[in-house]
Structure formats: C-alpha cells, structure tokens
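One letter stands for each residue in the lines below.
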Amino acid sequence: MVRAVDSRSGEDGNLVRRSVTAPASPDTKPPAFSGVDSVVAGAACGETELAWSAAQETCSGPVVYEVHRATTPGFTPSPSTLVGLTTATSLVDSGLAPTTTYYYAVRASDRAGNADGNVKRRSATATVLPELLSSETFESGAAGWARSGLNDAASGLWELGDPTQTDAQPGTCPSGSACWATGLNNASLGDNDIDGGTTTLLSARFSLVGAASPAIRYKRYYSNNTGATPGTDSWKVDLSTDDGASWTPIENTTASDAGLVFTQFEFPLGGIAPTANMRVRFVAADLADGSLVEAVVDDFELVDATGGCDGCPAPPSVGRILAQRDGADVVLDWTGDPVSAGRFKAYSSAQPDFSDGTLLGTTTAKSYRHAGGAAVGAFTAYLVTAVDACGQEGPLR
Ligand SMILES: [Ca+2]
Ligand SMILES: [Ca+2]
Ligand SMILES: [Ca+2]
C-alpha cells in the first residue's frame, strides 16, 4: 500500500494534516534474482542439493522460489517442470533416479505474481550409494586364494599371515592380522623380498552377475623404490571373466606406495560384462638385478556401485499434523506423531484431494512454519512427508 498525505487549511487557519489511503498502484516489477547458484549431489541416496542467493524484492514480498527440474540441458521452465516452491534459499530434491543427470532452474516470484525470467541452469547427478556385495579380510584363512601361475622367484613368494616390518614392507595388515605379503618374515631390509623372478597370487572364483554397476576393490601396498635399481619392476593386476583362460589388465605400474601406507584401489568393470567365473591375479616380480620388491594385498571387496539405493525399506509416513495460524503464518506441528525420520517435507495444496500439492520446504524438526500461509487462500491443505536415510520419501497423497 502507498500512503499519501492530504493537506488543506482549516477554518482557524491552522494546517490540518490527515492521512488517507491512496489507491494501490500495481507492482509489476519482478524480483531481481540471479537464479540457481549451485546444484550438487545430496547426502543420501537419490538426492541433489540446490542453493541460490536471495532475490531483491521490496514491494510485494515475500519472494517465493519456483524450482524447476528436467533431464534435458536446455529445458524451458513450465508448470510441468515445477518440482518445488519454497521461501528458503536452498532445497533438497529427493526420490531421483541414480546415475541420471538432472538440470535445474530456479525462478523468483513475488506476492503480486511477478516472476523473473532468468535462464540460468545448473546440473548434478543424484547421489548413489554403493552396495557392498562381499568382503574378504582373510582373517579366517585363505578363502580359496592361493599362489598359482608363474611363481619362479627364488624368494619373496606370496604368503598369508602377519608381515614383519622393514623399510620396504609394512608390519601390519590393512585389516586384522592376516593378509597376503611377498615373503612374510624379513629379518632385515632386503631379506625375503622378491628375488630373481615372479610371484603370482590367484583369487578364488567369484561372481558379479546381477550387479548393475559392478566394481572390485582391494587394499594393496607395492614397493620397488629401494635397492640398487629402483623403479624398474612392475606391479600388475589382471581380471578374468572366464576362470583364468584370458586376462584383462586392471593395474600395471612401476610406481610405489609411499611410507608403508596401503592404497585402496577400485576398478569399475565398465564395459566388461560380469560373469560367475571371475578371478583376479596379483603379479609382482624382481626381474632387474638388485631391486627390493615387496607387495601386500588384503580386504578384497565386490561392490555394486549403484546398488545401495535398492536396499532401502519403504519410507515411513507421517500420521498426525496440527496446523494453526500464527499471525500471517501457519505453523504445522507433528511432534505428537510417533514417526521418526531424519528429514521431513511440508506441502500445501488448494485442493482437498491434494491434487496440486506444492513443496513448501524441508525441515529436520517436527514442525514447519509456512510464512504468509494464513493469507494464501480460503482453503489450504497441508501434508508432511518423512524422508528416510536413503533419501526416499513417503507418497504424496
Ligand atoms: Ca586381513
Ligand atoms: Ca617380504
Ligand atoms: Ca629383490
């Protein structure tokens, strides 16, 4: 509202002032807004997190932000791409498909219905969680792994146990007290390292059939940078999908791990089709005279890099919410509801059947303040959903 002052002279000659309300001049100026600033993968499965700077608006506040989402880069925001309305300057989008890239635009609109038309878009791939399919720590024995294949070295052949420490060999395992090492017991540096040939460690047969994004992980240590001819021997790891008949290299390096520290290596199969007859072999050698070569392998894991989103139970639903006016706001409260969740989402709708529900915002508390909610319309329905640790949200109904 614009307030004006009407001035006229009174009979006694004194100036009389009184206020009148002038007709409202329509606010047609959209909020000055720079659009979405960042979109990143979210904390939980199937989530992205958006953030933007507040719009400048002085006449018809508060500003409401329309969040639009699409899977095409140059999309045009429209009612069909609207996925959220919020007065906050950030939003967690959830329930997204893993490995899919989503594109977002955020536009600001004021109470008078003026919307900005920025064309800024940002994209991110929704968070995926890996699923651990199996883990071998060798604490219960060799588990079908063995020295097999080319093993013509005079010393430093693969052995399972707890290694003794030298400047070239760690004195502990990555896990527990059992790991594979090239000659466990070294009396001194240069004693019981690999000499004069090759040693090969062959894994047990394993299957990765059914994994959507299969990967192999292991912890390893490799050193060839001490001794008379450092850096001349290779560390090789190969993968077979046909029980050892043929091999694909997954590591081939002359670089050493520094400081007796293990490296966790992860190899996504990518275009290699998983089978039920898979094996890995770890090959270390001292082929150049005088090299000190040591290696350790432990904690062999099979992983489905995107499978973690499938293992989540059905998300909880919120039963009872109280909605009450507080001045111009509506405060939602479900502290009496027994459901527990890490996060809740509040929606409003002008329809009793909730056919056009719009996301107001996200909260970690069991309450939500809908700023300006009391003035939105004669009828407003509210709904709160719970979001579980996987980022799954209860149904909107
Ligand atoms: Ca171990
Ligand atoms: Ca050794
Ligand atoms: Ca040697």
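It should be emphasised that the depicted structure is a prediction, and the values quoted were computed from it without experimental measurement.

Draft legend 1. Inspection of the pairing of strand β15 (residues 214–227) at higher detail. Here β15 lies mainly inside the structure; 10 of its 14 residues are buried. In this structure, β15 lies alongside strand β20 (residues 291–304), joined through 11 bridges in antiparallel fashion. Bridging across to β20, Lys-219 finds its partner in Asp-298.

Draft legend 2. The arrangement of the state of the cysteines in detail. Taken as a whole and judged by the stated rule, the model has one disulfide. The side chain of Cys-173 participates in a disulfide bridge whose partner is Cys-179; the two sulfur atoms lie 2.1 Å from each other. Taking the sign of the torsion about the S-S bond as the criterion, the disulfide between Cys-173 and Cys-179, at about -75 degrees, is left-handed. The two residues Cys-173 and Cys-179 agree in class, both being buried.

Draft legend 3. Representation of the sheet that holds strand β14 (residues 197–202). The five strands are arranged β11-β14-β19-β16-β17 in an open sheet whose pairing can be described as antiparallel. With one partner strand each, in any of the chains shown, β11 (146–147) and β17 (248–253) form the two edges of the open sheet. Where strand β16 (residues 235–240) and β17 come together, five bridges link them in antiparallel fashion. Counted as the bridge partner of Lys-236 is Asn-252 from β17.

Draft legend 4. Up close: the packing of aromatic side chains. For the structure shown, the criterion picks out 14 aromatic pairs. In this structure an aromatic cluster arises from ring pairing among Phe-138, Trp-145, Trp-158, Trp-180, Phe-206, Tyr-218, Tyr-222, Trp-235, Phe-265, Phe-282 and Phe-300. The side chain of Arg-121 reaches across the aromatic face of Phe-75, ending 5.5 Å from its centre.

Draft legend 5. How the structure looks around unusual backbone geometry. The residue Phe-138 is not glycine, and still its phi comes out positive at about 65 degrees. Along the chain, Phe-138 falls in the loop between β10 (131–136) and β11. By relative accessible area, which is 1% here, Phe-138 ends up buried. If you check the backbone angles, Asn-192 has positive phi at about 65 degrees while not being a glycine.

Draft legend 6. Just the pattern of salt bridges, in detail. Overall, the coordinates contain 13 salt bridges when judged by the stated rule. Asp-243 serves as the salt-bridge partner of Arg-205, at 3.1 Å between the closest nitrogen and oxygen. In this pair, Arg-205 is assigned in the loop between β14 and β15 and Asp-243 in the loop between β16 and β17, connecting sequence segments 38 residues apart. Here Arg-205 falls in the partly exposed class, since its relative accessible area comes to 46%. With a shortest N-O distance of 3.3 Å, Lys-219 and Asp-299 are connected by a salt bridge. Of this pair, Lys-219 sits in strand β15 while Asp-299 sits in strand β20, and the two are 80 residues apart along the sequence. Among the charged side chains, a salt-bridge network with shared partners connects Arg-205, Asp-243 and Arg-279.

Draft legend 7. Molecular detail of the environment of Gly-141. Residue position: Gly-141 is located in the loop between β10 and β11. Residue Gly-141 is classed as partly exposed on the basis of its relative accessible area, which comes to 22%. When the C-alpha positions of Gly-141 and Cys-179 are compared, they lie 9.3 Å apart, and in sequence the two are 38 residues distant.

Draft legend 8. Geometry of the coordination of the calcium ion (ligand 1). Within the protein, the calcium ion (ligand 1) binds to Thr-137 (O), Glu-139 (OE), Ser-175 (O), Ser-175 (OG), Ala-178 (O), Asp-298 (OD) and Asp-298 (OD); these donor distances fall in the range 2.3 to 2.8 Å. Sequence positions of the donors to the calcium ion (ligand 1) reduce to the motif T-x1-E-x35-S-x2-A-x119-D. In this pair, Ser-175 sits in the loop between β12 (158–161) and β13 (179–182) while Asp-298 sits in strand β20, placing the two residues 123 residues apart along the sequence. A residue is classified by how much of its surface remains accessible, and Asp-298, at 0% relative accessible area, is buried.

Draft legend 9. How the structure looks around the coordination of the calcium ion (ligand 3). Looking at the calcium ion (ligand 3), the protein donor atoms are Asp-193 (OD), Ile-194 (O), Asp-195 (OD), Asp-286 (OD) and Ser-291 (O), and they sit 2.2 to 2.4 Å from it. The sequence motif formed by the donor residues of the calcium ion (ligand 3) is D-I-D-x90-D-x4-S. Judged on exposure class, the residue Asp-193 and its partner Ile-194 are both buried.

Draft legend 10. Up close: the sheet that holds strand β4 (residues 48–52). Taken together, three strands build an open sheet; the order of strands is β3-β4-β7 and the sheet is antiparallel. The sheet is open, and its two borders are formed by β3 (36–41) and β7 (90–93), each paired with just one other strand. Adjacent strand axes in the sheet meet at a mean angle of 15 degrees, parallel and antiparallel pairs treated alike. Note that β3 and β4 share five bridges and pair antiparallel. Residue pairing across strands places Val-40 opposite Glu-49, the latter belonging to β4.

Draft legend 11. Region of the structure containing the side chain of Asp-286. Position of Asp-286 among the secondary structure elements: in strand β19 (residues 279–286). Despite its burial, Asp-286 pairs with no opposite charge, the nearest such side chain being Lys-236 at 13 Å. Contacts of Asp-286, omitting those with residues within four sequence positions, involve Asp-193, Ile-194, Asp-195, Gly-196, Gly-197, Asp-233, Ser-291 and Val-293.

Parameters at a glance
Residues numbered from 1 in each chain as written. Chains lettered and ligands numbered in written order. Predicted model: local features only at pLDDT ≥ 70, side-chain atom pairs only at ≥ 80, totals over all residues. Heavy atoms only, no water. Buried < 20%, exposed > 50% of the residue type's maximum accessible area, 1.4 Å probe, protein only. Helix = DSSP H or I, 4+ residues; strand = E, 2+ residues; numbered from the N terminus. Pairing = 2+ DSSP bridges. Disulfide = S-S within 2.5 Å. Phe/Tyr/Trp six-rings, centres within 6.5 Å; stacked < 30°, edge-to-face > 60°. Lys NZ or Arg CZ within 6 Å of the ring centre and 35° of its normal. Salt bridge = Lys/Arg side-chain N within 4 Å of Asp/Glu carboxyl O. Donors = N, O, S within 2.8 Å, 3.2 Å for Na, K, Ca; no water. Axes fitted to C-alpha atoms, helices over the stretch in contact; angles between N-to-C directions. Lys, Arg positive; Asp, Glu negative; His and termini not counted. Contact = heavy atoms within 4.5 Å.

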